[in-house]
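The chain contents come next:
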Amino acid sequence: MVDLPPCRLLVVDGDAANRREVACAVGDAFEVDGFELGPQAIVATAAALGEGRPYAMAFIALQLQPEFDGLTTLAELRHLQPELPVVLLAEHQADLLVESSHRLRGFRQVIVLHKPLQPHVLRQLAESWAAAPSLPDRPATDALTGLVLRPTLDVAVDDAVEAARRRSQPASVLTVDIDHLHVVNEIVGPRGGDRVLAVVAEVVRECVGDDALLSRYAGDEFRALLRGVRIDEARRIAETLRERIEMASFPARRRDVTLTASIGLVAIDEDTGSSTRVLRALETACRLAQRQGGNRVIELGCADRSVARTVAQARWSARLKEALTGTGFVLYAQPIRPIAGAVGVDEGHDEVLLRMMNARGRLVSPRRFLPAAQRYNLAPDIDLWVLHSVLVWLGQNPGPRRLAVNLSGRTLGDPGALEVIASLVEAHRPVANRLGFEVTESATIGHLRTAREFMVRLTSSGATFALDDFGVGLSSFAYLDQLPVSQLKIDARFVRGARASAAKRAILNAFSDIGRTLNLGTVGEGVEDAETLALLAGAGVQYAQGYIVGRPEPLVAQAPERLAAAAAARVVPLRAAPAVERRRS
């Protein structure tokens, strides 16, 4: 261990667990001040300078509050302490980093690390910078692989774009993302995973050649700038690299592991435009390779429509975050009512539907913003916003009206979100018997054990569950008896056009029989006309939802600001941590 004099380290992260992780990683030889918000860190830095004991290093989360994010905090800190070394801690939100990369230019002694954090890497950085606070003016390198880090490559790509525009000098850039590395880490442990990454780095270095600038861009991602290499040659290099990784065996703790990689490839020429467009296209290409199963090379141009969609979703992400803390979301409710002649039914309930209000005061369909919510993992936050708003409404509006909210697959796969939901419902137990949840069969089957435990817990509080989009996957038949659901919502694709399709009518009859056998209510979705309603009644379906029954109407028309104010504080208190922790050696 390096013999270090006592020094102060600053940690700025909204997640208390991350602050504690950094403090534990750097060891007892350091005095660590942790803050939740950027402004708090600015005040503390000014005070530390006034005391004559400035911070030797700062760890700053890139994703802080939107109005004072990590880059704003970095800029303000550098005004106070120009040579302060800074490590930016980033979530896996590559588009955000791409958009922010130009703001990093001009800052020396800044590196970016991706979460989850590696304690030994944090420790090495703290020791090296505390021992030699004035780093030489040279590119920072990754401690594990010796490769340059993200800022160096971003600057080089910017220079390559300029060279292509001014001198028609071609170049290509590729990114290599190891498929399912988290599985390898679970098998061989973090140290074994590090050894695997070191070997992968050597394979990439051999394939791209000594003339390329190779970077460890993120935890399991490598990027290479191929100067002077046209796209045809770059394709050959990328495919060779993919094959080498697939065929190689990587030693790790008494066993060999096999890997595959998703590789994105983008050409740089005189029409490229900007380095930001290159990096966006590169990230999109890699993501497309992953979505198609990995172990493949995807090439994109900067003007490709996939890139445009990625940029659009990144913008939606920012708008969604604003809506979560303001009044951008509004709630509608659509009735689900019993069909005339149905036996053993109640008066029905309403499904809560989320809408967004744009700057012009017009409603935005969820089809436009939900893809971005899924991609940027905002769906759990949105679900929590809706749930808390509905619980507030139920508490303020006593009576028999029952409401059902939707839970996304991302939420069902997030144990932390499920715990908050369960705690929230239990805290509102007096109205829980007027609350229902709708979950899709694909999401439920994908998280069967966790979903079942969660559903059992909430039904004990009085809430009910409906299985939405029933019949789409057909895999749910084998699991219906394991799930505490009270209703099956038959997907609209089986309802619409059923009058003209004998197959659809047979399916409706079968679904109705299943519900009757299992003592579950059945709901037909997408019912638009009286003829279809009569057909459902003949099939034995008990409830209907659609325009013939009722259109969505605002849930709160008179005072939406009350819901917004309540929902803005939605679940933070359940997981809030102190704003500052201090641990001294």
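Within any chain, residue numbers begin from 1 and follow the written order of that chain's sequence. Only residues with pLDDT of at least 70 are given local features in this predicted model, and only at 80 or more are side-chain atom pairs given and counted; all residues enter the totals for whole chains, interfaces and linings. Excluding hydrogens and water, the side-chain values take into account all heavy atoms of the structure.

**Examining the confidence of the model for the chain**
Keep in mind that low pLDDT regions are not for reading the predicted coordinates in detail. This is how the line gets drawn: Known as pLDDT, the predictor's per-residue confidence is scaled from 0 to 100. Helix numbers and strand numbers start at the N terminus; a helix is a DSSP run of H or I with at least 4 residues, a strand a run of E with at least 2. In this analysis, two residues are considered to be in contact whenever any of their non-hydrogen atoms come within 4.5 Å of each other.
Predicted confidence across the chain gives a mean pLDDT of 79, with 82% of residues reaching 70 or more. Mean pLDDT across the elements of the chain ranges from a minimum in helix H21 (residues 572–575), with 30, to a maximum in strand S16 (residues 403–407), with 96. Contacts for the low-pLDDT stretch residues 1–5, under 50 throughout, to residues beyond four places or in other chains number ten contacts. Counting contacts from residues 133–138, a segment whose pLDDT is below 50, to residues more than four positions away or on other chains yields seven contacts.

**Notes on the packing of helix H14 (residues 415–427) against helix H16 (residues 448–459)**
Selection criterion: The convention used is that axes are lines fitted to C-alpha atoms, helices contributing only their stretch in contact, and that angles between N-to-C directions extend from 0 to 180 degrees. Geometric relationships in this document are graded by angle, where less than 35 degrees denotes roughly parallel, more than 145 denotes roughly antiparallel, 65 to 115 denotes roughly perpendicular, and other angles denote oblique. Amino acids are sorted into nonpolar (Ala, Val, Leu, Ile, Met, Phe, Trp, Tyr, Cys and Pro), charged (Asp, Glu, Lys and Arg) and polar (every other residue, Gly among them).
Interaxial distance between H14 and H16 falls to 10 Å at its minimum, and their mutual angle equals 10 degrees. It follows that H14 is roughly parallel to H16 by the angle criterion. Two secondary-structure elements touch here, H14 through Leu418, Glu419, Ile421, Ala422, Ser423, Val425 and Glu426 and H16 through Thr450, Phe454, Arg457 and Leu458. Taken together, the residues of the contact of H14 with H16 break down into six nonpolar, two polar and three charged.

**Digging into the pattern of salt bridges**
Rules: Basic side-chain nitrogens of Lys or Arg form a salt bridge, by our definition, when they fall within 4 Å of a carboxyl oxygen of Asp or Glu. Buried residues are those whose accessible area, probed at 1.4 Å on protein chains only, stays under 20% of the maximum for their type, while exposed residues exceed 50% and partly exposed ones sit between those limits.
Per the stated rule, a full pass over the model turns up 27 salt bridges. For Arg223, the salt bridge is made with Glu283, and the minimal N-O distance between the two is 2.6 Å. Of this pair, Arg223 sits in strand S8 (residues 221–227) while Glu283 sits in helix H9 (residues 275–291), and the two are 60 residues apart along the sequence. Each member of the pair, Arg223 as well as Glu283, is classed as buried. Between Arg457 and Glu419 there is a salt bridge; the shortest N-O distance is 2.9 Å.

**Focus: the nonpolar core**
How we decide: Within this scheme, the nonpolar core is defined by two criteria: the residues are buried Ala, Val, Leu, Ile, Met, Phe, Trp, Tyr or Cys, and they are joined through side-chain atoms within 4.5 Å.
In this structure, Phe329 and Phe437 are the most contacted members of the largest nonpolar core, which totals 68 residues. Per-element accounting of this core gives the leading share, nine residues, to helix H12 (residues 379–396). Ignoring sequence-local partners within four residues, the contact set of Phe329 consists of Leu320, Ala323, Leu324, Leu354, Arg355, Met356, Phe369, Ile382 and Trp385. Ile178, Val200, Leu241 and Ile245 belong to the second-largest nonpolar core, a separate cluster that totals 32 residues.

**Quick look at the environment of Asp381**
Within the element layout of this structure, Asp381 appears in helix H12. Counting along the chain gives 57 residues from Asp381 to Leu324, while the straight-line C-alpha distance between them is 7.8 Å.

**Topic: H12**
For clarity, the cut-off: Helices are assigned an expected span. That span is 1.5 Å times one less than the residue count.
The end-to-end C-alpha separation of H12 is 26 Å, in line with the 26 Å expected for 18 residues at 1.5 Å each. The buried count for H12 comes to 15 of 18 residues, which makes it a mostly enclosed element.

**Considering the environment of Asp414**
Within the secondary structure layout, Asp414 lies in the loop between helix H13 (409–412) and H14. Taking the C-alpha atoms as reference, Asp414 lies 7.7 Å from Pro380; in sequence the two are 34 residues apart.

**A word on the sheet that holds strand S6 (residues 171–178)**
Stated precisely, the cut-off is as follows: Only strands that DSSP links by at least two bridges are regarded as paired with each other.
Taken in spatial order, the five strands of this open sheet run S7-S8-S6-S11-S12, and their pairing is mixed. Looking at the sheet topology across the chains shown, the edges are occupied by strand S7 (213–218) and strand S12 (296–299). Here the average twist between neighbouring strands, direction ignored, is 20 degrees. Where S6 meets strand S11 (residues 261–268), eight bridges bridge the pair, whose relative direction is antiparallel. Bridge pairing in S11 places Leu174 opposite Leu265.

**As for the packing of aromatic side chains**
The criterion, for reference: Between the rings of Phe, Tyr and Trp (Trp by its six-membered ring), a pair exists once the centres lie within 6.5 Å; its type follows the angle of the planes, with under 30 degrees stacked, over 60 edge-to-face, and the other angles tilted. Here, a charge over a ring is recorded when the distance from Lys NZ or Arg CZ to the ring centre is within 6 Å and its angle to the ring normal is within 35 degrees.
Applying the stated criterion across every chain, the model contains seven aromatic pairs. Both rings, one in Phe329 and one in Phe369, keep their centres 6.1 Å apart while their planes meet at 45 degrees; by these two values the pair is tilted. You can see Phe329 sitting in strand S13 (residues 329–338) and its partner Phe369 sitting in helix H11 (residues 366–375), a full 40 residues away along the chain. When its relative accessible area of 4% is taken as the criterion, Phe329 is described as buried. Through successive ring pairs, a cluster of aromatic residues spans Phe329, Phe369 and Trp385. The ring of Tyr55 is capped by Arg8, whose NZ or CZ atom sits 5.1 Å from the centre of that ring.

**Some words on the packing of helix H2 (residues 38–50) against helix H3 (residues 70–80)**
We apply this condition: Left-handed describes a crossing whose near helix is turned anticlockwise from the far helix through less than a right angle; right-handed describes the clockwise counterpart.
H3 packs onto H2 with a crossing angle of 15 degrees between their chain directions and a minimal axis gap of 10 Å. Compared by their axis directions, H2 and H3 come out roughly parallel. Where H2 crosses over H3, the handedness of that crossing is right-handed. Residues Gly38, Ala41, Ile42, Thr45, Ala46 and Leu49 of H2 pack against Thr73, Glu76, Leu77 and Leu80 of H3. For the contact of H2 with H3, the class distribution of residues is six nonpolar, three polar and one charged.

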